[in-house]
Amino acid sequence: MFSFRKACRSDLPAIIDLLVDDMLGQSREVVSDPIDPRYEQAFAAIAADQNQLLAVAVDREDKIVGCLQLSFIPGLSRTGMWRGQIESVRVAASERGTGLGSQFIEWAVERASERGCQLVQLTSDKGRSDAIRFYEKLGFTASHEGLKRSL
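Computed from a prediction, not measured in an experiment: that's the story for all the values here.

*Asks:* How would you explain the side chain of Ser71 if you had to name every residue and give the values?
*Replies:* With respect to the helices and strands, Ser71 occurs in strand S3 (residues 64-73). Residue Ser71 is classed as buried on the basis of its relative accessible area of 10%. A polar atom in the side chain of Ser71 sits 2.6 Å from the side chain of Gln52. Ignoring any residue separated from it by four or fewer positions in sequence, one finds Ser71 in contact with Asn51, Gln52, Arg83, Gly84 and Gln85.

Next comes the structure, spelled out in structure tokens:
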């Protein structure tokens, strides 16, 4: 059994551990004690923004076993439609295959719907073929080609 809630500052070390526990995260995240101040600054900005929801999944022992960020994005296209953008989805290796990921994504979709979003979108690195199959099973479609430019 899992539950989902808004992340609090004390969850930050566990969230960083989840971000690192991944083939791509190992090379782009930083584990340090004390926590790298960039994570602290990002957490503060997310927490202060009413259109951001950093969420965690917790198990029966209240251990953090998943995280994601849901952004609520206003737009003019499609007659002023709001979108939900899901980012940084991670599930602890010990919980993969338990149904947690599906439950967590559906929970996020419900939060987006409650906020009036009419579409939920996400991106996944092309190298994450298992994740892409997972999202497709949940009804997400590769309807657009995503592009990025590093700054």
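*Asks:* So, the pairing of strand S4 (residues 82-91): which residues are in play, and what are the values?
*Replies:* By the bridge criterion, seven bridges tie S3 to S4 in an arrangement that is antiparallel. Looking across to S4, one finds that Ser71 is bridged to Gln85. In terms of strand pairing, S4 meets strand S5 (residues 117-122) through five bridges, oriented parallel. Paired with Ile86 across the two strands is Leu122, which belongs to S5. In this fold, the crossover linking S4 to S5 by way of helix H5 (residues 100-114) has right-handed handedness.

*Asks:* Break down helix H3 (residues 37-48) for me, with residues and values.
*Replies:* With 12 residues, H3 ought to run about 16 Å at 1.5 Å a step, and its terminal C-alpha atoms sit 17 Å apart, in line with that. In this structure, the buried residues of H3 make contact with helix H1 (12-20), strand S2 (52-58) and S3.

*Asks:* Lay out unusual backbone geometry with the relevant residues and their values.
*Replies:* In the segment running from Asp33 into Pro34, the intervening peptide bond is cis, with an omega of 10 degrees. Structurally, Pro34 can be placed in the loop between helix H2 (25-28) and H3.

*Asks:* Can you tell me about the nonpolar core, naming the residues and giving the values?
*Replies:* Counting residues in hydrophobic clusters, the biggest one holds 39 residues, and the most contacted among them are Leu68, Leu70 and Ile86. Counting residues per element, the ones that place at least two in this core are H1, H3, S2, S3, S4, H5 and S5. Residue contacts for Ile86: discarding those within four places in its chain leaves Gln69, Leu70, Ile105, Ala108, Val120, Gln121, Leu122, Thr123 and Phe140.

*Asks:* Can you tell me about the packing of aromatic side chains, naming the residues and giving the values?
*Replies:* Taken as a whole, this structure holds five aromatic pairs when the rule is applied. Plain terms: the ring middles of Phe4 and Trp107 are 5.7 Å apart, the flat faces sit at 40 degrees to each other, and that makes the pair tilted. Taken as a pair, Phe4 in strand S1 (residues 3-6) and Trp107 in helix H5 lie far apart in primary sequence, 103 residues in all. Residues Phe4 and Trp107 agree in their burial class; the two are buried. With a centroid separation of 6.0 Å and 35 degrees between ring planes, the pair formed by Phe104 and Trp107 is classed as tilted.

*Asks:* For the pattern of salt bridges, give the residues involved together with the corresponding values.
*Replies:* Here the structure, examined in full by the defined rule, presents seven salt bridges. The residue Glu40 makes a salt bridge to Arg9 at a minimum N-O spacing of 2.6 Å. With Glu40 in helix H3 and Arg9 in the loop between S1 and H1, this pair connects stretches of sequence that are 31 residues apart. With a relative accessible area of 28%, Glu40 lands in the partly exposed category. For Asp130, the salt bridge is made with Arg133, and the minimal N-O distance between the two is 2.2 Å. Placement of the pair is Asp130 and Arg133 together in helix H6 (residues 129-137), with a separation of three residues, close to one helical turn.

Definitions and limits used
Residues numbered from 1 in each chain as written. Predicted model: local features only at pLDDT ≥ 70, side-chain atom pairs only at ≥ 80, totals over all residues. Heavy atoms only, no water. Helix = DSSP H or I, 4+ residues; strand = E, 2+ residues; numbered from the N terminus. Buried < 20%, exposed > 50% of the residue type's maximum accessible area, 1.4 Å probe, protein only. Polar contact = N/O pair within 3.5 Å; in protein donor to acceptor, adjacent residues only side chain to side chain. Contact = heavy atoms within 4.5 Å. Pairing = 2+ DSSP bridges. Right-handed = clockwise from strand over helix to strand, strands pointing away. Expected span 1.5 Å × (residues − 1). Core = buried A, V, L, I, M, F, W, Y, C linked by side-chain atoms within 4.5 Å. Phe/Tyr/Trp six-rings, centres within 6.5 Å; stacked < 30°, edge-to-face > 60°. Salt bridge = Lys/Arg side-chain N within 4 Å of Asp/Glu carboxyl O.

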